[in-house]
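# Summary of structural features
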Amino acid sequence: MSKNSVSFSKIVHKYISGYEELAGGNYPGNNGKHQQKMTESTIQLESTDPAYPNGHPNINAQHTEDNFLVRFLRAPLDFVSPLLISYITWAIILLLVWGLLYCILTTDALPGGSAFNICLLILVAQIFGKAVEYLRLPSLLGMLIAGIFMKNVGLFSVTPGVYEEIVILLREIALTTILIKAGMGLDAAALLKLSFVVIRLALLPCLAETAGASIAAHFILHFPWLWGLLLGFILSAVSPAVVVPTLLELKENGYGNDKSISTLVIAASSVDDIAAISLFGVILGCIFSEGDLTSKIVQGPLEVLIGLAWGLIWGLILACFPNRLDKNVITKRCLMLGSVCSLAVLGSQVIDLAGAGPLGCITTAFIAGVCWKLQGWTHQYVSVPMTI
């Protein structure tokens, strides 16, 4: 081996050693002095090679390439606002998604097509929701305004058939997601303590609002009494999409935790829905004589039992499968929990027991969350509702 080769090997070895020392964490707090000192000593060592008095050309080229690459990568961060970069990123993502949709659906993904209109509605709803949040109002209000606006000005329309089913499916999946977060946010101890309060809070306001609406409809709008009751049960039903996100936000900010207000109202809202839907079915059966009236009356308690049984069984199954030591446990539990709850909500409509689905969804998430906490899975447990 020649003398020049040995000298060059020593130079490279010292250069790499200095780089590893730099990467080892010696430079933080030194304002780049250590890095500058190492670079100067490296250049000095390179120049001592008698074969290359001005430095080895390969190493010099590497220095130039690294410096140019670093400057190129840091340029957006130095001269452009991070918020603007975020907006540009989302714009690129939207273009890529639209390109994929066009490749799959062709004409339906073009402006005016059903798939394009659905995507446009989602985008505009998100923008309106963010705008309303600046007014310290729920984002859902802005999304509702966006839907009403686009529908009435003719910007949103879908062809009957498949795309109408897709819209309904997306709505039910959104409800399922909200109910999962609601179930995992319930406090088991507070729920056991406030069980009778939950029933009173669910039934008394529902019946009182129904009575008031039916009386007003009868004397002001001249509705028959049964039609007035039908309108009353429509108005008295609680919307989980409105109540649950607001209560979860208040809970995260520390409001009402001492008295478990969020747990009380979330649990009562699901029972309220079952009562309103069941009694609506009873009144509807009386008006149009659809089916056996006894079966309509029994339907309410039956939906409660089916929803609770579904949640209890699947909650215990999710506690055992997958194993908590599985390396992909978070992904598997999210997939299983989302699938079970979606099946509860969608399947209950197929068998004409619509009230059982939301209750089964909340109960499943609640039982699974309690079991995961008992297994000592507290830290990872938090990431499940966030992932969903």
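Residues numbered from 1 in each chain as written. Predicted model: local features only at pLDDT ≥ 70, side-chain atom pairs only at ≥ 80, totals over all residues. Heavy atoms only, no water.

### Some words on the overall build of the chain
Counting its secondary structure elements, the chain contains 16 helices and 0 strands. The buried share of the chain, reckoned over its 388 residues, is 30%. Considering only contacts within the chain whose residues lie at least 6 apart along the sequence, 65% involve residues at least 24 apart. Within the structure as shown, the chain displays about 24,300 Å² of accessible surface, and the carbon and sulfur contribution to it stands at 69%. (Helix = DSSP H or I, 4+ residues; strand = E, 2+ residues; numbered from the N terminus. Buried < 20%, exposed > 50% of the residue type's maximum accessible area, 1.4 Å probe, protein only. Contact = heavy atoms within 4.5 Å. Areas by Shrake-Rupley, 256 points an atom, 1.4 Å probe, with all protein chains shown as cover.)

### With respect to the UniProt feature "transmembrane region" (unreviewed entry) in the chain
Residues annotated by UniProt as "transmembrane region" (unreviewed entry) correspond here to residues 79-104, 110-128, 140-160, 166-186, 198-220, 226-248, 260-284 and 304-322. Overall, residues 110-128 shows 79% helix and 0% strand. The separation of its end C-alpha atoms is 23 Å. Taken end to end, residues 260-284 is 96% helix and 0% strand, and its two terminal C-alpha atoms sit 36 Å from one another. (UniProt positions renumbered as here; feature names shortened; annotations may be inferred.)

### Some remarks on a nonpolar patch on the surface
Side chains of Ile215, Phe219, Ile220, Leu221, Phe223, Trp225, Trp227 and Phe288 sit close together on the surface and give an oily, nonpolar patch of about 860 Å² of accessible area. Taken together, the elements giving at least two residues each to the nonpolar patch come down to helix 9 (195-219) and helix 10 (225-236). (Patch = residues over 30% accessible without salt bridge, like charges linked within 9 Å, V, L, I, M, F, W, Y side chains within 5 Å. Salt bridge = Lys/Arg side-chain N within 4 Å of Asp/Glu carboxyl O.)

### As for the pattern of salt bridges
One pass over the full model with this rule turns up 1 salt bridge. A salt bridge links Lys332 to Asp326; its shortest N-O distance comes to 2.7 Å. The class of Asp326 is partly exposed, set by a relative accessible area of 23%.

### Here we look at the side chain of Ser236
Within the secondary structure, Ser236 sits in helix 10. At 3.2 Å, the side chain of Ser236 forms a polar contact with the side chain of Thr210. Contact partners of Ser236, with chain neighbours within four places excluded, come to Cys206, Glu209, Thr210, Asp272 and Ala276. (Polar contact = N/O pair within 3.5 Å; in protein donor to acceptor, adjacent residues only side chain to side chain.)

### Description of unusual backbone geometry
Note the cis peptide between Phe321 and Pro322, where omega equals -5°. Summarising the element assignment, Pro322 is placed in the loop between helix 13 (293-320) and helix 14 (329-350). Of note in the backbone geometry, Thr106 takes a positive phi value of approximately 50° without being a glycine. Structurally, Thr106 is set in the loop between helix 4 (82-105) and helix 5 (114-133). In the Ramachandran plot, His222 falls in the positive-phi region, its phi being about 60° despite a non-glycine side chain. Of note, His222 is situated in the loop between helix 9 and helix 10.

### A few points about the packing of helix 7 (residues 162-184) against helix 15 (residues 356-374)
Running from amino to carboxyl end, helix 7 crosses helix 15 at an angle of 40°, the nearest separation of the two axes being 7 Å. Between helix 7 and helix 15, the angle is such that the two are oblique. As for the relative orientation of helix 7 and helix 15, their crossing is right-handed in sense. Note on element contacts: helix 15 touches helix 7 through Pro358, Cys361, Ile362, Ala365, Phe366, Gly369 and Trp372, opposite Thr176, Leu179, Ile180, Gly183 and Met184. Grouping the amino acids of the contact of helix 7 with helix 15 by side-chain chemistry returns 9 nonpolar, 3 polar and no charged. (Axes fitted to C-alpha atoms, helices over the stretch in contact; angles between N-to-C directions. Parallel < 35°, antiparallel > 145°, perpendicular 65-115°, else oblique. Left-handed = near helix turned anticlockwise from the far one by under 90°. Nonpolar A, V, L, I, M, F, W, Y, C, P; charged D, E, K, R; others polar.)

### Re the nonpolar core
Nonpolar side chains tend to gather and get buried jointly when the protein is soluble and globular. The biggest cluster of nonpolar side chains holds 26 residues, and the ones touching the most others in it are Ile180, Ile266, Leu337 and Trp372. Every element with two or more residues in this core is listed here: helix 7, helix 11 (240-252), helix 13, helix 14 and helix 15. If you tally residues by element for this core, the top one is helix 15, at 8 residues. Formed by 8 residues, the second largest nonpolar core is a distinct cluster that contains Ala115, Ile118, Val124 and Met150. (Core = buried A, V, L, I, M, F, W, Y, C linked by side-chain atoms within 4.5 Å.)

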